[in-house]
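# Observations on the three-dimensional arrangement
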Amino acid sequence: GNVFCKEADFENAEEMYRKALEIDLEAQPDNHLVLSNRYRDMATVLTDQCKIDEAIKMCKQSLARKLHIHGGEDHSDIAWEYIGVGVLLMKQNRLDDALQMYDKVIEVCDRLGPGEENREIVALAVVNQAIIRDKQGDLEAATELYEESLSIQVEVFG
């Protein structure tokens, strides 16, 4: 699947990823990280084909596996999964739903503490919230969020 993706042959990539997922669903226990990764691969190739509804379903499957693996939301993997779902919701112009995903990202990262990776994830969530507020015409909120994201990025990256 990866080779086909690099060649932008997304239909064949999807077929290969589906086969890999089928094999792993039979061979791996439900809580194996490889299953989550397979769903993520599928989401990526489906996104590349503009099959956003299907990609969201795959992201949610990946999220469900990771929630099971990590025993809840308190892990940076979960925050990254919420980011992925939020991006796809933005592509569908489901902006309020995307905002909810980014709120979840920030909640998870707040519980995890001020580590560098967590701050990086928060900065991404906040800049995506700013983009949404900008699209919604709320320039004041967008500006505040852009400034917040920039402040976090300066803090993390110097």
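Please refer to the structure higher up on the page.
Since the model is a prediction, treat every value here as computed from it, not as a measurement.

When you go through the protein residue by residue, the secondary structure sums to eight helices and zero strands. Each helix (α) and strand (β) of the protein, taken in turn from the N terminus, gives the series α-α-α-α-α-α-α-α. Projected onto its principal axes, the C-alpha coordinates of the protein cover approximately 50 × 30 × 30 Å. Long-range contacts, defined as pairs at least 24 residues apart, comprise 52% of the intrachain contacts of the protein with a sequence gap of at least 6. Roughly 8600 Å² of accessible area belongs to the protein as shown, and the carbon and sulfur atoms make up 49% of that amount.

Under the counting rule described, the total for this entry stands at 13 salt bridges. Between Arg 18 and Glu 54 there is a salt bridge, with its nearest N and O atoms 3.3 Å apart. Of this pair, Arg 18 sits in helix H2 (residues 10-27) while Glu 54 is found in helix H4 (residues 52-70), placing the two residues 36 residues apart along the sequence. Classification of Arg 18 by relative accessible area gives partly exposed; the value is 29%. Taking the relative accessible area as the measure of exposure, Glu 54 reaches 33% and is therefore partly exposed. In this structure, Asp 41 engages Arg 38 in a salt bridge whose closest nitrogen and oxygen atoms are separated by 4.0 Å.

This brings us to the environment of Ala 142. Along the chain, the position of Ala 142 falls in helix H8 (residues 139-157). For Ala 142, a relative accessible area of 2% puts it in the buried group. Separated by 124 residues in the primary sequence, Ala 142 and Arg 18 have C-alpha atoms spaced 39 Å apart. If we skip the residues at most four places from it in the chain, Ala 142 touches Ala 130, Arg 133 and Asp 134.

Quick look at the side chain of Lys 66 now. Residue position: Lys 66 is located in helix H4. Apart from residues lying up to four places away in sequence, Lys 66 is in contact with Leu 33, Ser 36, Asp 77, Ile 78 and Glu 81.

The next thing to look at is the packing of helix H3 (residues 33-48) against H4. Relative to each other, H3 and H4 sit at 165°, their axes nearing to 8 Å. Taken together, H3 and H4 sit at an angle that is classed as roughly antiparallel. The handedness of the crossing between H3 and H4 is left-handed. Contact residues: Leu 33, Leu 35, Ser 36, Tyr 39, Arg 40, Met 42, Ala 43, Leu 46 and Thr 47 in H3; Ile 52, Glu 54, Ala 55, Met 58, Cys 59, Gln 61, Ser 62, Arg 65, Lys 66 and Ile 69 in H4. A class-by-class count of the residues in the contact of H3 with H4 yields eleven nonpolar, four polar and four charged.

Within the largest apolar cluster, 41 residues are counted, with the highest numbers of intra-cluster contacts made by Tyr 82, Tyr 102, Val 105 and Ile 132. Contributions of two or more residues to this core are made by H2, H3, H4, helix H5 (76-91), helix H6 (95-112), helix H7 (116-135) and H8. Broken down by element, this core gets its largest block of residues, nine residues, from H6. Setting aside chain neighbours within four positions, we find Tyr 102 in contact with Ile 83, Gly 86, Val 87, Met 90, Ala 125, Asn 128, Gln 129 and Ile 132.

Another point: the environment of His 70. On the secondary structure map, His 70 appears in helix H4. Assessed through its relative accessible area of 27%, His 70 is described here as partly exposed. Separated by 37 residues in sequence, His 70 and Leu 33 have C-alpha atoms that sit 9.9 Å apart.

Criteria and thresholds
- Numbering of residues starts from 1 in each chain and follows the order in which that chain's sequence is written.
- Note on the predicted model: pLDDT of at least 70 is required for a residue's local features to be given, and 80 or more for side-chain atom pairs to be given and counted; whole-chain, interface and lining totals, by contrast, use all residues.
- Side-chain measures were taken over the full set of non-hydrogen atoms in the model, leaving aside hydrogen atoms and water.
- Here a strand is any run of E in DSSP of at least two residues, a helix any run of H or I of at least four, and the numbering for each starts at the N terminus.
- Working rule for contacts: check all heavy atoms of both residues, and any pair within 4.5 Å makes them a contact.
- Reported accessibility uses the Shrake-Rupley method at a 1.4 Å probe radius. Residues are deemed covered only where the shown protein chains occlude them.
- For salt bridges, the criterion is a side-chain nitrogen of Lys or Arg within 4 Å of an Asp or Glu carboxyl oxygen.
- A 1.4 Å probe rolled over the protein chains alone gives each residue an accessible area, and that area as a share of the maximum for its type sets the label: buried under 20%, exposed over 50%, partly exposed in between.
- Every axis corresponds to a line fitted to the C-alpha atoms, with the helix fit spanning only the stretch in contact, and the corresponding angles, defined between N-to-C directions, vary from 0 to 180 degrees.
- Convention used here: angles under 35 degrees read as roughly parallel, angles over 145 as roughly antiparallel, angles from 65 to 115 as roughly perpendicular, and any remaining angle as oblique.
- Should the near helix be turned anticlockwise from the far one by less than a right angle, the crossing is left-handed, and should it be turned clockwise, the crossing is right-handed.
- Under the scheme applied here, ten amino acids are nonpolar (Ala, Val, Leu, Ile, Met, Phe, Trp, Tyr, Cys and Pro), four are charged (Asp, Glu, Lys and Arg), and all others, including Gly, are polar.
- Buried residues of nine kinds, namely Ala, Val, Leu, Ile, Met, Phe, Trp, Tyr and Cys, make up a nonpolar core once their side-chain atoms join them within 4.5 Å.

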